[in-house]
Amino acid sequence: MPEARQPLDHLLLFGATGDLAQRMLLPSLYGLDEDGLLPADMAITGTARTDYDDNSYRAFAKKALDQFLPDDRKDKDKIATFLKRLRYQSLDANDLAGFKVLADKIGDASKELAIFLSTAPSLFEPTIRGLDSAGLAHGMVRIGLEKPLGYDLASSREINDAVARVFPEDRIFRIDHYLGKETVQNILALRFGNSFFEPVWNAQGIDNVQITIAETVGLEERAGYYDGAGALRDMVTNHMLQLLALIAMEPPARFDGTAIRDEKSKVFRSLRTITPEQVSQVTVTGQYGAGAVGGAVVKAYAEELGKPSATETFIAIKANIDNWRWQGVPFYIRTGKRMAVRRSEIAIQFRRVPHSMFAGRGGLLQPNKLIIRLQPEEYIQMLVMAKAPGLDRDGIHLREVPLNLSMDAEFAGARRRIAYERLLLDLIEGDQTLFVRRDEVEAQWAWTDAIRAGWAANDMKPKSYPSGTWGPSAAIALTERDGVTWQDD
Ligand code: BG6
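Residues numbered from 1 in each chain as written. Predicted model: local features only at pLDDT ≥ 70, side-chain atom pairs only at ≥ 80, totals over all residues. Heavy atoms only, no water.

Some thoughts on the overall build of the protein
Stage number 1. A count of helical and extended segments in the protein gives 15 helices and 16 strands.
Stage number 2. Compactness check: the protein gives a C-alpha radius of gyration of 24 Å against a globular reference of 23 Å for 489 residues, within 12% of the reference.
Stage number 3. Considered along the principal axes of its C-alpha atoms, the protein spans approximately 85 × 50 × 45 Å.
Stage number 4. Considering the protein as a whole, with its 489 residues, one finds that 54% of them fall into the buried category.
Stage number 5. Pairs at least 24 residues apart make up 79% of the contacts formed inside the protein by residues separated by at least 6 positions.
Stage number 6. In the structure as shown, the protein presents an accessible area of about 21,600 Å², 52% of it carried by carbon and sulfur atoms.
Stage number 7. Side chains of the protein carry 60 positive and 67 negative charges; the gap between the two charge centres is 2 Å. (Helix = DSSP H or I, 4+ residues; strand = E, 2+ residues; numbered from the N terminus. Rg over C-alpha atoms; globule rule 2.2 N^0.38 Å. Buried < 20%, exposed > 50% of the residue type's maximum accessible area, 1.4 Å probe, protein only. Contact = heavy atoms within 4.5 Å. Areas by Shrake-Rupley, 256 points an atom, 1.4 Å probe, with all protein chains shown as cover. Lys, Arg positive; Asp, Glu negative; His and termini not counted. Charge placed at Lys NZ, Arg CZ, Asp CG, Glu CD.)

Some words on the nonpolar core
Stage number 1. In this structure, Phe331, Leu370 and Trp447 are the most contacted members of the largest nonpolar core, which totals 113 residues.
Stage number 2. Of the domains in this structure, domain 1 (10-146) and domain 2 (194-414 + 438-480) are the two that each give at least three residues to this core.
Stage number 3. Those residues in contact with Phe331 that sit more than four places away from it in its chain are Val209, Leu244, Ile247, Ala248, Ile317, Lys318, Ala319, Ile321 and Trp326.
Stage number 4. Core analysis: the second largest hydrophobic core is formed by 26 residues, Phe99, Leu117, Ile143 and Val163 among them. (Core = buried A, V, L, I, M, F, W, Y, C linked by side-chain atoms within 4.5 Å. Domains from an automatic or database assignment.)

Points about the site of the ligand
Stage number 1. Inspection of the region around the ligand gives Lys147, His177, Tyr178, Lys181, Glu215, Arg222, Asp234, Met235, His239, Lys337 and Gln375 as its neighbouring residues.
Stage number 2. In this structure, an oxygen atom belonging to the ligand sits 2.4 Å away from a side-chain N or O atom of Tyr178.
Stage number 3. Here an oxygen atom of the ligand and a side-chain polar atom of Lys181 are 2.5 Å apart.
Stage number 4. Protein coverage of the free-state accessible area of the ligand, which is 400 Å², stands at 81%.
Stage number 5. Looking at side-chain class alone, the shell around the ligand contains two nonpolar, three polar and six charged residues. (Near = heavy atom within 4 Å. Polar contact = N/O pair within 3.5 Å; in protein donor to acceptor, adjacent residues only side chain to side chain. Nonpolar A, V, L, I, M, F, W, Y, C, P; charged D, E, K, R; others polar.)

What about the domain arrangement of the protein?
Stage number 1. Each domain of the protein was delimited in the assignment, giving domain 1 (10-146) and domain 2 (194-414 + 438-480).
Stage number 2. Between domain 1 and domain 2, the C-alpha centre-to-centre distance is 35 Å.

Concerning the side chain of Thr313
Stage number 1. Inspection of the secondary structure assignment puts Thr313 in the loop between helix H11 (301-305) and strand E10 (314-319).
Stage number 2. In this structure Thr313 comes out as buried when scored by relative accessible area, which is 1%.
Stage number 3. At a separation of 2.9 Å, a polar atom in the side chain of Thr313 contacts the side chain of Tyr465.
Stage number 4. Other than its neighbours up to four places away in sequence, Thr313 contacts Tyr226, Ala231, Gly286, Gln287, Tyr288, Tyr301, Thr335, Gly336, Lys337 and Tyr465.

What follows is the structure in structure tokens.
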């Protein structure tokens, strides 16, 4: 539990007119308010370059809530109450004088304040400088930073240095929205709230781990950002490596920011560096071509973009973790846009039994698998071998059957929250557990930078794959070479 403190007076939202604010941040803040979870008197001041005043920003926010809240969450009175919290101050981050005006707008700027930066990373430095100059970076100010935090290790260090000149690490909250997802945290409950997994959660018990984040969407109006980023930076450096760390880390001693982040950080530092000599063997990149997704015909990436591009929209990697627990266990990770289905999933494949007593009687055994489905459904499934009913006069019939734990069904009454609800509440309350520490971010970049350096050294270009498939065929070969098949059903 975060220590008891005075309720927060003010939340300051930079990038308040952006896509994230409309889709996620405003609906999340409303969700928290609706449930009485925001401090009663907390005001929310939005800032961006657009020229709104309090009233026109409230109208803007109302439109966003109308569009992005599910119908069953729309309560006219509660929306009206929420909108009253909102204020707005237009601001050009490069204009120092504007921050003084912002500080005046906030009123008593010496009080506790939480700031959320959801702007282009190029604005981070001037924004921090502006906040500092206007007295908005004192000892009771926390700052939340939305990705992307740079585009490689060097640029991420630059941003981290700029923030660190003004804010100490214990007041910096770096967002990875995957850490706010319910099922992602369920990995912790599954691993460390049950005794039976831990003894086999290692190279002796596990054959391989597969992490998939497949999306059906394409560029989505984000060409400017995405084409400069690509799947490795956009998804692997952050979300996928965070999932990998939660699966691979040693048991933390406590559920707190230091203990959990220490263990994740050790995993990142144990990732085997992929050298230019190995990169073509252990990574596969792709770019979607034209095809059909969910019955709809869709354009190729380059056509959507309007020009040829060497940006990867798909990546598969065979990663290794060089420590005692995971020696020899491949972690296959893959993510892509315009894939066959939308699915985020972790599949843990256990080792085969050392000897099958059924072999002589025709019984075939499959290795056990644990499937953690994060989205669109939330469930945990353990695939175990069972005997099919019958007298077995022509041999023993064994079949893989699922033990299902459907989170959707078990917790049917509980509301599924947007990941940002939890993260914004933690920022408001000052709990850093689910935010990414500087050493984590930098170790993540160091690992993915080496991959990109390898691609450059080998002049590796993404292979085309038809939209609506599981990526280039080379991604299948990546695991098949090791006798492993991707979990695709
Ligand atoms: C974001 C990426 O961080 O995560 C997007 O920038 C991606 O490209 C998104 O679509 C996926 O998030 P989710 O929660 O929809 O799986």
